[in-house]
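Inside the fold
Residue strings, one per chain:
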Amino acid sequence: MQPALHARQTPGAQVVELTPGRWRMQIPAGTGGSYRWAQLDDYLHLRRKDFPWRAPLRLELRARVSAPDLPGTWGFGLWNDPFSASLGVGGTARRLPALPNAAWFFYAGRPNYLAFQDTHPAQGFLAAAFAAPPLPVLLMAPGALAAPLALFAPTARLLRRAARLLIHEDAALVTSDPTVWHTYRLEWEERQAAFAVDGEMILRTHVAPRGPLGLVLWIDNQYAAFPPDGRIRTGTSPNPEAAWLEVEAVAVL
């Protein structure tokens, strides 16, 4: 089954269907301080509880990127778009932030640090899964009020340890050259997830996200770091050259 994908991008970025079923998401060259982003997804107008995908399923696609060490992030897979907050403006669905649930191939360039467990890889090209309970918004309100305290390293370290109790994760580095076409496969079941590249298993884990989830394929120049030392950092990185992600043969089975 080919998902119904919708393009989104910041000014100057492009999402182009090169041939039927083959897409290029490209961001222009630029300095830090300006967010550049290009994305395909299938959940823009949906409430989170109406996202289209539930286990069991298999996601397959072919992909390549313009360089192996791009700034920012790129990837493809399934997630619950946990960090978005939308009031329905511009035709979007009403959504409030949530804890992350995801299973995806995810690249994080420096200075990203995107792991709560100190023993898991937090940078580079990863196969990764996150699973968290669907906490009611009212129960998340104290955490939102405490967010300014995360600017202080001792408090941030405490918040990071607390996050480990709620958010389960697993990840493995993908060592294949991402600039060459590869076939990526994600198998999502209710109690496990498995990731393979060109038929070779990269990660099999009992960390299985809670659905429903949406399909996302993207590239951007942003970073977020929540390292063990508690020094939280977010922002955008310069990319001296245009950067792109190409995908084809995207299918959910």
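Residues numbered from 1 in each chain as written. Predicted model: local features only at pLDDT ≥ 70, side-chain atom pairs only at ≥ 80, totals over all residues. Heavy atoms only, no water.

Bringing the overall build of the chain into the picture now. When you go through the chain residue by residue, the secondary structure sums to two helices and 18 strands. With 253 residues in all, the chain has 48% of them scored as buried. Of all intrachain contacts in the chain linking residues separated by at least 6 positions in sequence, the fraction that spans at least 24 positions is 74%. Surface summary for the chain: the accessible area is close to 12300 Å², and the carbon and sulfur share equals 59%. (Helix = DSSP H or I, 4+ residues; strand = E, 2+ residues; numbered from the N terminus. Buried < 20%, exposed > 50% of the residue type's maximum accessible area, 1.4 Å probe, protein only. Contact = heavy atoms within 4.5 Å. Areas by Shrake-Rupley, 256 points an atom, 1.4 Å probe, with all protein chains shown as cover.)

What follows is about the environment of F195. Residue placement: F195 occurs in strand β13 (residues 193–197). Considering only alpha carbons, one finds F195 and A172, 23 residues apart in sequence, at a separation of 9.4 Å.

Attention now goes to the sheet that holds strand β10 (residues 124–131). Taken together, the seven strands give an open sheet; going across it, the order is β1-β4-β15-β6-β9-β10-β11, and neighbouring strands pair in antiparallel fashion. Looking at the sheet topology across the chains shown, the edges are occupied by β1 (6–9) and β11 (168–173). Taking each pair of neighbouring strands and ignoring which way they run, the sheet shows an average axis angle of 15°. In the sheet, β10 pairs with β11 via six bridges, with the strands oriented antiparallel. Bridging across to β11, A131 finds its partner in H168. (Pairing = 2+ DSSP bridges. Axes fitted to C-alpha atoms, helices over the stretch in contact; angles between N-to-C directions.)

Checked against the element boundaries, E169 lands in strand β11. A polar contact is formed between the side chain of E169 and the backbone nitrogen of Q117, at a distance of 3.1 Å. Side-chain polar atoms of E169 contact the side chain of H120, separated by 3.4 Å. Those residues in contact with E169 that lie beyond four places of it in its chain are A115, F116, Q117, H120, A129, F130 and V207. (Polar contact = N/O pair within 3.5 Å; in protein donor to acceptor, adjacent residues only side chain to side chain.)

This part covers the sheet that holds strand β12 (residues 182–188). Hydrogen bonds between backbone atoms are what pair the strands of a sheet, whose relative direction is either parallel or antiparallel. Across the sheet, seven strands lie side by side as β2-β3-β18-β5-β12-β13-β14; this open sheet has antiparallel pairing. Edge strands, defined here as strands with exactly one partner in the open sheet, are β2 (14–19) and β14 (200–205). Put simply, the sheet's adjacent strands are angled 25° from each other on average, direction ignored. The sheet contact formed by strand β5 (residues 57–65) and strand β18 (residues 243–252) spans six bridges and is antiparallel. Counted as the bridge partner of R62 is E248 from β18.

Pairing of β2 with strand β3 (residues 22–27), which is carried by five bridges, proceeds in the antiparallel orientation. Residue pairing in the sheet places Q14 in a bridge with Q26 of β3. As consecutive antiparallel partners, β2 and β3 are separated by two residues, and within that stretch G21 has a phi angle of approximately 85°, a positive value.

Structurally, S84 is set in the loop between β6 (73–79) and β7 (86–87). Judged by relative accessible area, S84 falls into the buried class, the value being 19%. Counting along the chain gives 13 residues from S84 to P97, while the straight-line C-alpha distance between them is 5.6 Å.

With that settled, consider the confidence of the model for the chain. For the chain, the average pLDDT comes to 87, and 83% of its residues sit at 70 or higher. Confidence drops under a pLDDT of 50 for residues 87–92, and excluding neighbours within four residues, the segment shows seven contacts in the predicted structure. Low pLDDT, under 50, characterises residues 137–151; the predicted model gives this stretch twelve contacts beyond four residues in sequence or across chains. (pLDDT = per-residue confidence, 0-100.)

Moving on: the pattern of salt bridges. Should their charged atoms come close, side chains of opposite charge can pair. This structure, assessed with the given rule, holds nine salt bridges. Where D41 meets R8, a salt bridge forms, and the shortest distance between an N and an O atom there is 2.4 Å. Remark: R8 occurs in strand β1 and D41 occurs in strand β4 (residues 37–41); sequence separation between them is 33 residues. With its nearest N and O atoms 2.6 Å apart, the salt bridge here joins R24 to E246. A residue pair is termed long-range when its members are at least 10 positions apart, and R24 in strand β3 and E246 in strand β18 qualify at 222 residues. Shared partners join several salt bridges into a network, and the residues in it are R22, R24, R64 and E246. (Salt bridge = Lys/Arg side-chain N within 4 Å of Asp/Glu carboxyl O.)

Our focus in this paragraph is the environment of H168. Of note, H168 is situated in strand β11. Spatially, the C-alpha atoms of H168 and F116 are 8.6 Å apart, while their sequence positions differ by 52 residues. Among all residues touching H168, those that are not within four sequence positions of it are A129, F130, A131 and V207.

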